[in-house]
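Observations on chain architecture
Listed below are the residues making up each chain.
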Amino acid sequence: MGDGPTVRLREQIRALFLARGFARVGFTSAEPVADHVSTWVAQGRHGSMDYLAREPAGRADPGRLLPGARTVICTTTAYPATDGRGSVAGYARGEDYHHTLKAALRDAVSELETLLPGVATRVCVDTAPLLERALAARAGLGWIGRNTLLLDETHGPWTLLGEVILDAALPPDTPGLDRCGTCTACLDACPTGALDGARGLDARLCLSYWTIEHRGEVPDRFARLLDQRAFGCDDCLAACPHPARPPAALRQAPDPAADGAVRNGGPAPGVGRGSTACGVGPPFVPRSDLVDVTPPELGRRAEESFRRHFSSTPVERTRRAGLLRNVSLTRPPPSDV
Ligand code: SF4
Ligand code: SF4
């Protein structure tokens, strides 16, 4: 694969991803990013998530996932913000994004291959050992906030990440600027002090970790803070002043400008409503049955059939026993008190 693809080619490729409902698309080289995971793991802050401790340094290098890697195309997918209350975290109020995002990325790749014949690619969504946030920030999609999440000014922290690594060189975008400033709202909002203020998180103190990743008993000091949270915690997202406007009303799509260019940041009709400009499913598919559901109702559904109600959603990760455990630790909904 040659080294001289033009900016125009990059923009053509960006357009075909945006047309599939991705909120933002950025390009960066496949050079390794700084490895902060090794220290984090050495400090034990990953808790019992042993999969994160396997070759932590390798996560910094996209070349470990695709021989000859030259470029990483980073994408964000917007999902509706929450107010931080509710029993299910916002990102989980949809179909399992591992499947929907991957399908949309693969669909984009199939068209990309017509522009770059013979290109080798690897699609990554969350489960691949890759420092997604650092790559996305370097690809200009935003910055890593004090809540440790990728943020951008249009969607704040309410996005999911996905990448395509390829062995073709494409011009990189300009890295994003840190816009946290002197804000500490997420640190102040965290009920457990899990955020260290230096873009670090101690998973062993995080309610999302205890309600999603942890198997077994939840220590009392965390259990009594769950309130209505039966799956995840959105407090450090909901406290963030970004974006200024609610992301549910903001998506990104092909820019109707006369030059036909496609840019990050515009409104995107159709995204999240079951179709995109290309006719493939959107990368985030909301599930209304997970929006206003109470913990007791989650418990009832888990008892009835965990598989039927949750197997195609991120809630599946905590498994039936984990969800029932969490529900048993929540407080009664306000209307039941
Ligand atoms: S998810 Fe909740 S507990 Fe975890 S860091 Fe954010 S606010 Fe703190
Ligand atoms: S709440 Fe403030 S400090 Fe935290 S991520 Fe958002 S802007 Fe940054």
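**As for the overall build of the chain**
Looking only at helices and strands, the chain has ten helices and six strands in total. Taken over 337 residues, the chain has a buried fraction of 53%. The long-range fraction of contacts in the chain, counting pairs at least 24 apart against all pairs at least 6 apart in sequence, stands at 74%.

**Some points on empty space enclosed by the protein**
Using the criterion set out here, one finds two cavities of 30 Å³ or more in the structure. Computed from the structure, the largest cavity encloses a volume of approximately 90 Å³. Forming the boundary of the largest cavity are Gly145, Arg146, Asn147, Leu151, Arg179, Cys180, Cys183, Cys186, Cys236, Cys240, Pro241 and His242. A class-by-class count of the residues in the lining of the largest cavity yields seven nonpolar, three polar and two charged. Taken together, Thr82, Gly84, Arg85, Gly86, Val88, Ala89, Arg93, Arg229, Phe231, Gly232, Cys233 and Asp234 form the lining of the second largest cavity. For the lining of the second largest cavity, the class distribution of residues is four nonpolar, four polar and four charged.

**Some details on the site of ligand 1**
Every residue near ligand 1 is listed here: Cys190, Pro191, Thr192, Ala194, Leu195, Leu201, Cys206, Leu207, Ser208, Cys233, Asp235 and Cys236. Looking at the shell around ligand 1, the elements that each hand over two or more residues are α6 (207-213) and α8 (235-238).

**Here we look at the packing of aromatic side chains**
Going through the model one piece at a time under the given rule, you end up with eight aromatic pairs. Between Tyr91 and Tyr97 the ring centres are 6.0 Å apart and the planes differ by 75°, which places this aromatic pair in the edge-to-face class. The same class applies to Tyr91 as to Tyr97, namely buried. With a centroid separation of 5.2 Å and 40° between ring planes, the pair formed by Phe306 and Phe310 is classed as tilted. One end of the pair, Phe306, and the other, Phe310, are both in helix α9 (residues 295-310), four residues apart, so they sit about a helical turn from each other. Pair check on accessibility: Phe306 and Phe310 agree, each one buried. A network of ring pairs unites the aromatic residues Tyr79, Trp158 and Phe284 as a single cluster.

**Considering the layout of surface pockets**
Roughly 320 Å³ of volume is contained in the second largest pocket. Contributing to the lining of the second largest pocket are 20 residues, with Asp83, Arg85, Gly86, Ser87 and Gln228 lying nearest its centre. In terms of residue class, the lining of the second largest pocket is made up of six nonpolar, seven polar and seven charged.

**Some words on the pattern of salt bridges**
This model, assessed by the stated rule, comprises 22 salt bridges. A salt bridge links Arg317 to Glu213; the nearest nitrogen and oxygen atoms lie 3.0 Å apart. With Arg317 in the loop between α9 and α10 (319-329) and Glu213 in helix α6, this residue pair connects regions lying 104 residues apart in the sequence. A salt bridge links Arg224 to Asp220, with the nearest nitrogen and oxygen atoms 3.5 Å apart. Judged by its relative accessible area of 57%, Asp220 is exposed. By sharing partners, the salt bridges in this structure join Glu297, Arg300, Arg301, Glu304 and Arg308 into a single network.

**Overview of the sheet that holds strand β1 (residues 24-29)**
Backbone hydrogen bonds hold the strands of a sheet together, and the pairing may be parallel or antiparallel. If you walk across this open sheet you meet the four strands as β1-β2-β6-β3, and the pairing is antiparallel. Two strands close off the open sheet at either side, each with one partner strand: β1 and β3 (121-124). If you compare each strand with its neighbour and ignore which way they point, the axes differ by 20° on average. Taken strand by strand, helix α1 (residues 7-18) contacts β1, β2 (71-78) and β6 (159-166), and its axis lies near 140° from that of β1.

**Overview of the environment of Val33**
Its location among the elements puts Val33 in the loop between β1 and α2 (37-42). Expressed as a C-alpha distance, the spacing of Val33 and Phe306, which sit 273 residues apart in the sequence, is 39 Å. Setting aside anything within four residues of it in sequence, one finds Val33 in contact with Ala60, Leu131, Ala134, Leu135 and Arg138.

**A word on the packing of α1 against helix α3 (residues 97-115)**
Viewed as axis vectors pointing N to C, α1 and α3 meet at an angle of 150°, and their least axial separation amounts to 9 Å. Regarding the angle of α1 to α3, the classification is roughly antiparallel. With respect to the hand of their crossing, α1 and α3 are arranged in right-handed fashion. Across the interface between the two elements, Leu9, Gln12, Ile13, Leu16 and Phe17 from α1 touch Leu105, Ala108, Glu111, Leu112 and Leu115 from α3.

**Quick look at the environment of Arg54**
Its location among the elements puts Arg54 in the loop between α2 and β2. According to the relative accessible area criterion, Arg54 is exposed, its value standing at 58%. Between the C-alpha atoms of Arg54 and Pro129, which are 75 residues apart in sequence, the distance is 9.1 Å.

**Description of α9**
Note: α-helices contain 3.6 residues per turn, so residues at a spacing of three or four share the same orientation. When the terminal C-alpha atoms of α9 are compared, their 14 Å separation across 16 residues is substantially less than the 22 Å that a helix rising 1.5 Å per residue should span. Along α9, the largest kink reaches about 105° and is centred on Glu304. Restricting attention to buried positions, one finds in α9 the residues Pro295, Leu298, Gly299, Arg301, Ala302, Phe306, His309 and Phe310. Of the surrounding elements, those touching the buried residues of α9 are α10.

Conventions used here
- Residues numbered from 1 in each chain as written.
- Chains lettered and ligands numbered in written order.
- Predicted model: local features only at pLDDT ≥ 70, side-chain atom pairs only at ≥ 80, totals over all residues.
- Heavy atoms only, no water.
- Helix = DSSP H or I, 4+ residues; strand = E, 2+ residues; numbered from the N terminus.
- Buried < 20%, exposed > 50% of the residue type's maximum accessible area, 1.4 Å probe, protein only.
- Contact = heavy atoms within 4.5 Å.
- 1 Å grid on protein atoms, 1.4 Å probe; cavity = no way out; pocket = protein on both sides within 12 Å on 5 of 7 lines; lining within 4 Å.
- Points joined across faces, edges and corners; volume = space filled by probe spheres on them.
- Nonpolar A, V, L, I, M, F, W, Y, C, P; charged D, E, K, R; others polar.
- Near = heavy atom within 4 Å.
- Phe/Tyr/Trp six-rings, centres within 6.5 Å; stacked < 30°, edge-to-face > 60°.
- Salt bridge = Lys/Arg side-chain N within 4 Å of Asp/Glu carboxyl O.
- Pairing = 2+ DSSP bridges.
- Axes fitted to C-alpha atoms, helices over the stretch in contact; angles between N-to-C directions.
- Parallel < 35°, antiparallel > 145°, perpendicular 65-115°, else oblique.
- Left-handed = near helix turned anticlockwise from the far one by under 90°.
- Expected span 1.5 Å × (residues − 1).
- Bend = angle between axes of the 7 residues up to and from the residue.

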